[in-house]
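Next come the chains, spelled out residue by residue.
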Amino acid sequence: NIELGPSYIHTARGAGLADNNGTEGILLTNVSNVNFHDSKCHDAVWCVVFVYSSGTITNWNVANNEMFNNSHMMAFGGAGSTTLNGATISGNYTHDMSNWDTTSDANHANAIHSYGVAAGSTQTNLTINNNIFGGHMGADVTAQIYIEGNSSAATNINIFNNLLYNSDSTSTAPERLLFQN
């Protein structure tokens, strides 16, 4: 039941990251048994960032939060020979990323960005359900749910019962789920 933000109100629409001063709302590294719930996070480059870089990290729960005006609402990723085993993203409402648009797509906004791409990094038992992703998406959204990495690095990923929409009638942003190998 906390409110994080604004850490930075992004307004420029320039070509690069010169107006990129916002930081993370929450940044946790190598922590298991995390329960971030019933909070509000807004106006940051990255709202919630979980990073794992050693051993096996377990039991992440991000539930029933409202996140808006962030470039990345939730991001998590691994580096080195490490494993994330068990994460649930459920009941969140993420919206309005258009304020982070740049002419060069410098921020590539995402509601959820899983980037377990480092050699030896794996993710397993990930559930993304009952979330709402939408609002004014802008033009720089990669995907509302972006799972990035090789196919052997992500196993037992369950994504269901989510609503993806875009309120911008002129936006080119897709309402999509993207898996990238």
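Fair warning: this is a prediction, and the values are worked out from it, not measured in the lab.

Trainee: What is the right way to look at the pairing of strand 9 (residues 82-90) in this model?
Mentor: The side chains of a regular strand alternate, residue by residue, between the two faces of the sheet. Judged from the eight bridges that link them, strand 6 (residues 55-63) and strand 9 form a sheet pairing that is parallel. Paired with Trp 60 across the two strands is Ala 87, which belongs to strand 9. Across seven bridges, strand 9 lies against strand 12 (residues 122-129) in parallel orientation. Following the sheet pairing, Ile 89 is matched in strand 12 by Ile 128.

Trainee: Before we go on, may I ask you to explain the nonpolar core in this structure?
Mentor: Counting 30 residues, the largest nonpolar core has Phe 50, Trp 60, Met 67, Phe 76 and Ile 128 as the members making the most contacts within it. Among the elements of the structure, strand 3 (34-37), strand 5 (46-52), strand 6, strand 8 (72-78), strand 9, strand 11 (109-115), strand 12 and strand 14 (141-148) are those that each provide at least two residues to this core. Among the elements that line this core, the one with the most residues is strand 5, at four residues.

Trainee: Got a minute to help me understand the sheet that holds strand 4 (residues 40-42) in this structure?
Mentor: Read across the sheet, six strands follow the order 1-4-7-10-13-16 without closing on themselves; strand pairing throughout is parallel. The two strands at the open ends of the sheet, each matched to only one other strand, are strand 1 (3-4) and strand 16 (163-164). In the sheet, strand 13 (residues 132-134) pairs with strand 16 via two bridges, with the strands oriented parallel. Looking at the pairing, Ile 132 lines up with Leu 163 of strand 16.

Rules behind the numbers
Residues numbered from 1 in each chain as written. Predicted model: local features only at pLDDT ≥ 70, side-chain atom pairs only at ≥ 80, totals over all residues. Heavy atoms only, no water. Pairing = 2+ DSSP bridges. Helix = DSSP H or I, 4+ residues; strand = E, 2+ residues; numbered from the N terminus. Core = buried A, V, L, I, M, F, W, Y, C linked by side-chain atoms within 4.5 Å. Buried < 20%, exposed > 50% of the residue type's maximum accessible area, 1.4 Å probe, protein only.

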